[in-house]
Amino acid sequence: MEKKVKLLLVRPKFTSIIANLEPLGLEYIAGLCKDLNVECEIFDEFQYPWANRFNRLVKKIKKGGYDYIGFNSNANTVDYILETSAKLKKRLNDIHIWVGGPEAEMNYKDFCTDAVDMVYYDNGLQTMKNLILGGFTEEVMDAQNGICFKKDGNWVYKEKGPAVCDFICKPDRTAFYQGLKRNFIFLKGSFALSKASFSCPFNCSFCYCTKMNSSTYTERDIIKVVDEIEEIDHPRIWFVDDTFFVDKERVRLFCEEVIRRGIKKHFMAYSRADFLAENPDILPLAYEAGFRDMMVGLEAISDEQLKEYNKQTSKNENIQAIKNLHDNNLVCNALFVVSHTSTKQDFKNLIKFIKDNNLLWVVFGIFTPYKGTDAYDEYKDRLINFKSKRLDGLHITIKPEHMSSFMFMFRVYWLHVLTYPKVMCRALFKTAYDTKRTGWF
Ligand code: B12
Ligand code: SF4
């Protein structure tokens, strides 16, 4: 008889002043464990200070008697996970360490070290379910998709299973409700997360999302999504779909159902600029249903740069998208990717574009070729200081072409200095969602 599994799911902490949100991926695993009667808890490091980090984790494992530890990985937490796993294996006997999450999904081989026992990269959680039901023996593992594990000291890699189009369980949102006090998006308040589709039908060169779910875009039944958000006891929901506004009819169905059921929530979602430019007619309904925040990857303000990113949008579509949103009282949270090819003039043009188009909410990320993206293949020979903890869009990983790294970083900080005080001021005066207003108050 197999020993009963006691699983601790760990979400590593990272520095962020932009947001701290629920660990939705781990909540899905916790939900599965609940359905299958497996003892499981989420240890969200965001709930604790940095000091004493490792000892706190050890104490948690010992106190709870956990024998399986599952880490959620992102590009910027790889080194931490590998170091912590090695330390845990030295300190504790009889523990099994697993790694899953976005970074493991594509770059699983990077986790194949002595300290790690299994890396999970399958699409969806069916393999996880099979393992829990089957008992984690070598034989059961060998029969699965999308994992790698050690057999006689050698790593065995199992092929990924097919793309998924739904979750096999509901998330256990205990961690969300427990973490509500610390949950925030900068100046917006706390948000619950929901995911209604997988991957993205487009293929921007820098994007990791489009490679997920075996690069296959699939959608969940939208009525089930409405059921899910209706159950969430929170007034604000962020749809973390890579792009929520793809199929206009599906969006219409969602909005009409939300309105019909009288659900009153504030929604935030990603949308592409071309969709917003071409489909202004859906926006009044979206507003009526509760959409207030659109996250739009404008990325760049010139057609050349957009082409370079393979964005398949244009500068004019970006401008039209902002206008359509503003006309419909929807906030455009504009996401820009600052390229290493930027000149001093490009930085000036970006600020001018923001002013000309009355953009208040802006996010700047430095172009980072995440491993697994097309951009990584293109730039892998030019990477500098490509260390895990620097892969957060706030660090230089490709040498700027037209200025020193110091001046590049200075100009990136300067973008923030020129834009953030205004949104902070407007948030203070409660006018940050007034899309027609242009001033500071
Ligand atoms: C919301 C979001 C954020 C939020 C926070 C999310 C959170 N709750 O903490 C904010 C804005 C703070 C954020 C920050 C960052 N993010 Co982010 N984020 C997302 C987004 C849009 C959704 C994440 C999500 O909730 N997914 C839904 C859940 C259900 O999926 P999941 O987490 O992948 O989990 C599933 C599996 O992976 C698996 N699983 C997960 N963990 C584990 C663990 C074990 C043991 C097992 C067995 C399985 C398993 O099971 C789950 C169910 O199937 C994704 C895009 C995407 N397509 O995923 C990007 C994404 C994950 N982020 C990304 C990045 C790069 C970042 C940042 C590093 C930097 C940046 N510039 O954004 C930071 C730091 C992230 C960090 N260290 O956690 C990249 C990841 C690339 C990579 N290789 O790691 C993504 C894919 C987007 C992109 N830019 O391409 N992010
Ligand atoms: S950047 Fe956005 S539109 Fe482009 S592939 Fe990624 S998710 Fe899709």
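So, a few notes on the structure that sits alongside this text. On a predicted model such as this, the values are computed, not experimentally measured, just so you know.

Before going further, it helps to spend a moment on the overall build of the protein. Along the backbone of the protein there are 17 helices and 17 strands. For 441 residues, the compact-globule estimate of 2.2 N^0.38 gives 22 Å, and the protein sits close to it at 22 Å. Taken over the C-alpha atoms alone, the protein extends approximately 65 × 55 × 40 Å along its principal axes. Looking at the 441 residues of the protein, the share that counts as buried comes to 55%. Long-range contacts, defined here as pairs at least 24 residues apart, represent 73% of the contacts in the protein between residues at least 6 apart. With an accessible surface of roughly 20300 Å², the protein has 53% of that area assigned to carbon and sulfur atoms. Within the protein, one finds 62 positive and 58 negative side-chain charges whose respective centroids are separated by 7 Å.

Taken in spatial order, the six strands make up an open sheet running 10-13-14-15-16-17, and their pairing is parallel. Here the strands that pair on one side only, and so sit at the sheet edges, are strand 10 (192-194) and strand 17 (362-366). Averaged over all neighbouring strand pairs, the angle between strand axes comes to 20°, with direction disregarded. With four bridges joining them, strand 13 (residues 236-239) and strand 14 (residues 266-271) adopt parallel strand pairing. Bridging across to strand 14, Arg 236 finds its partner in His 266.

One pass over the structure, following the stated rule, counts zero disulfides. Cysteine Cys 255 shares no disulfide, and the gap to the nearest cysteine sulfur, in Cys 332, comes to 18 Å.

In this section: helix 17 (residues 405-428). With 24 residues, helix 17 ought to run about 34 Å at 1.5 Å a step, and its terminal C-alpha atoms sit 34 Å apart, in line with that. Along its length, helix 17 shows its largest kink, about 30°, at Thr 419, and proline Pro 421 lies within four residues downstream of that point. Within helix 17, the full set of buried residues consists of Phe 408, Met 409, Arg 411, Val 412, Leu 415, Thr 419, Tyr 420, Val 423, Cys 425 and Arg 426. Next to the buried residues of helix 17 lie strand 16 (331-338), helix 15 (344-356) and strand 17. Lys 430 sits one or two residues past helix 17 and shows a positive phi near 55°.

Let us look at the packing of aromatic side chains. Evaluation of the coordinates by the stated rule reveals 34 aromatic pairs. Seen from their ring centres, Tyr 68 and Phe 136 are 5.3 Å apart, and the 35° between their planes marks the pair as tilted. You can see Tyr 68 sitting in strand 4 (residues 68-72) and its partner Phe 136 sitting in the loop between helix 5 (126-134) and helix 6 (138-142), a full 68 residues away along the chain. A single burial state applies to Tyr 68 and to Phe 136, both of which are buried. Here Phe 429 and Phe 441 contribute two aromatic rings whose centre-to-centre distance is 5.0 Å and whose plane-to-plane angle is 80°, an arrangement assigned as edge-to-face. Taken together, the positions of Phe 429 in the segment after helix 17 and Phe 441 in the segment after helix 17 put the pair 12 residues apart, joining distant regions of the chain. An aromatic cluster of at least three residues, connected via ring pairs, comprises Phe 239, Phe 244, Phe 245, Phe 254, Phe 267, Phe 275 and Phe 291.

Once that is clear, we can look at the nonpolar core. Grouped together as the largest cluster of nonpolar side chains are 56 residues, with contacts concentrated most on Phe 239, Phe 254, Phe 291, Phe 336 and Leu 359. The residues touching Leu 359, leaving out its near neighbours within four places in the chain, are Leu 298, Ile 322, Cys 332, Ala 334, Phe 336, Phe 353 and Ile 354. The next biggest cluster of nonpolar side chains, apart from the first, holds 38 residues, and it includes Val 38, Ile 42, Met 118 and Val 240.

Residues other than glycine seldom take positive phi values, yet Ser 199 does so here, at roughly 65°. For Ser 199, the location among the structural elements is in the loop between strand 11 (197-198) and helix 8 (212-215). In this model, Ser 215 sits at a positive phi of 55°, which is unusual for a non-glycine residue. Here Ser 215 lies in helix 8.

Here helix 3 (residues 78-91) spans 20 Å end to end across 14 residues, near enough to the 20 Å set by a 1.5 Å rise per residue. Every buried residue belonging to helix 3 is among Val 78, Tyr 80, Ile 81, Thr 84, Ser 85 and Leu 88, and all of these are buried. Burial along helix 3 is one-sided: seen end-on, the buried residues are contained in an arc of 155°. Opposite the packed face of helix 3, turned more than 90 degrees from it, sit the exposed residues Glu 83 and Lys 90.

Conventions adopted
Along every chain, residues carry numbers that run from 1 in the direction the sequence is written. Think of it this way: whatever chain is written first is A, whatever ligand is written first is 1, and the rest follow in order. Under the rules for a predicted model, residues below a pLDDT of 70 receive no local features and side-chain atom pairs below 80 are neither given nor counted, while totals for whole chains, interfaces and linings still include all residues. Side-chain measures here rest on the full set of heavy atoms in the structure, leaving out hydrogens and waters. To qualify as a helix, a DSSP run of H or I must reach at least 4 residues; to qualify as a strand, a run of E must reach at least 2; elements of each kind are numbered from the N terminus. A radius of gyration in this sense is built from C-alpha atoms; the matching globule rule multiplies 2.2 Å by the number of residues raised to 0.38. Accessibility here uses a 1.4 Å probe with only protein chains present; expressed as a share of the type maximum, an area under 20% marks a residue as buried, one over 50% as exposed, and anything in between as partly exposed. Contacts are residue-level and defined by heavy atoms, with any inter-residue pair within 4.5 Å sufficient. Computed by Shrake-Rupley with a 1.4 Å probe, the accessible areas treat only the displayed protein chains as cover when residues are assessed. Counting rule applied: Lys, Arg positive; Asp, Glu negative; His and chain ends not counted. Note on charges: their place is set at NZ of Lys, CZ of Arg, CG of Asp or CD of Glu. Whether two strands pair comes down to DSSP finding at least two bridges between them. All axes here are fitted lines through C-alpha atoms, helices being fitted over the stretch that makes contact, and every angle between N-to-C directions spans 0 to 180 degrees. Disulfides are defined as cysteine sulfur pairs within 2.5 Å. One fewer than the residue count of a helix, multiplied by 1.5 Å, yields its expected span. Bend at a residue means the angle formed by two fitted axes: the first through the 7 residues ending at that position, the second through the 7 residues beginning there. In this scheme Phe, Tyr and Trp rings, the latter by its six-membered ring, pair at centre separations within 6.5 Å, and the angle between planes marks the pair as stacked below 30 degrees, edge-to-face above 60, and tilted otherwise. We call a set of buried residues a nonpolar core when its members are Ala, Val, Leu, Ile, Met, Phe, Trp, Tyr or Cys and they connect through side-chain atoms within 4.5 Å of each other. The directions from the helix axis to the C-beta atoms form the arc being described.

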